Amino acid sequence: MKKSNLAIFALGGALMLSACGNNEEAEIEARMSAVATFMSEEMDETADGIWDNAGYILTEEGEESLFPETDEEWAVVIQATDDLIAQTRRLQSEEFAGDDEEWIAISEGLVVAAERVRAAAEARDEEELFDAGGQVYRVCLACHQRYAMDIQRIR
């Protein structure tokens, strides 16, 4: 489904619920639908720009490093980090956060973790990049544990 169609669908669902007299619930459901779309269409790929470039994979031939080797490859990680920070700042906006202080706090934790990734990438520090990528993962997991059921409920 195209973004515009999905937005229209979410808005239509919100309008239908508000017509039933439950405007606050409709607003929350529309916001959670928008979050799910934003995460799957933008943030997932951005986070992969970090995680796909940190660590090792085991193959039949042995251990294969995922870490960047060239300035251009390190620049990809830095750009993914900058994008993740910008996307997270958008998550903190009224559009996605409403007045949920916990949401904003968890999102701020993601900004802090992403800034750590950026510093590691700038220093070309593989171990720190791996650890910082793990911190990004843990913040994402905390958010998903807190909010995923709400998002799944409306999908």
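What comes next concerns the included structure. (Residues numbered from 1 in each chain as written. Predicted model: local features only at pLDDT ≥ 70, side-chain atom pairs only at ≥ 80, totals over all residues. Heavy atoms only, no water.)

A short note on the overall build of the protein
Point 1. Broken down by element type, the protein carries 6 helices and 2 strands.
Point 2. Its helices and strands in sequence order give the protein the pattern α-α-β-β-α-α-α-α, from N to C terminus.
Point 3. Pairs at least 24 apart in sequence give 63% of the contacts found in the protein among residues at least 6 apart.
Point 4. As displayed, the protein has an accessible area near 9300 Å², and 53% of this comes from carbon and sulfur atoms. (Helix = DSSP H or I, 4+ residues; strand = E, 2+ residues; numbered from the N terminus. Contact = heavy atoms within 4.5 Å. Areas by Shrake-Rupley, 256 points an atom, 1.4 Å probe, with all protein chains shown as cover.)

Notes on the nonpolar core
Point 1. Residues Trp103 and Leu129 are the most contacted members of the largest nonpolar core, which totals 33 residues.
Point 2. Mapped by element, the contributors of at least two residues to this core are helix H2 (23–51), helix H3 (71–91), helix H4 (94–97), helix H5 (101–123) and helix H6 (126–154).
Point 3. Of the residues forming this core, the biggest block, 9 residues, is contributed by H5.
Point 4. Setting aside its immediate chain neighbours within four residues, Leu129 contacts Asn53, Ala54, Phe67, Pro68, Trp74, Val77, Val117 and Ala120. (Core = buried A, V, L, I, M, F, W, Y, C linked by side-chain atoms within 4.5 Å. Buried < 20%, exposed > 50% of the residue type's maximum accessible area, 1.4 Å probe, protein only.)

Some points on a negative patch on the surface
Point 1. Where like charges cluster on the molecular surface, the negative patch consists of Glu69, Glu72, Glu73, Asp125, Glu126, Glu127 and Asp131.
Point 2. Of all the elements in the fold, those that place two or more residues in the negative patch are H3 and H6.
Point 3. It is H6 that provides the largest number of residues to the negative patch, a total of 3 residues.
Point 4. Along the chain, Glu69 turns up in the loop between strand S2 (62–65) and H3.
Point 5. Overall, Glu69 belongs to the exposed group, its relative accessible area being 69%. (Patch = residues over 30% accessible without salt bridge, like charges linked within 9 Å, V, L, I, M, F, W, Y side chains within 5 Å. Salt bridge = Lys/Arg side-chain N within 4 Å of Asp/Glu carboxyl O. Lys, Arg positive; Asp, Glu negative; His and termini not counted. Charge placed at Lys NZ, Arg CZ, Asp CG, Glu CD.)

Details of the environment of Cys140
Point 1. Mapping Cys140 onto the fold places it in helix H6.
Point 2. Classification of Cys140 as buried rests on a relative accessible area of 18%.
Point 3. Remark: the alpha-carbon pair of Cys140 and Ile106, spanning 34 residues in sequence, is separated by 8.5 Å.

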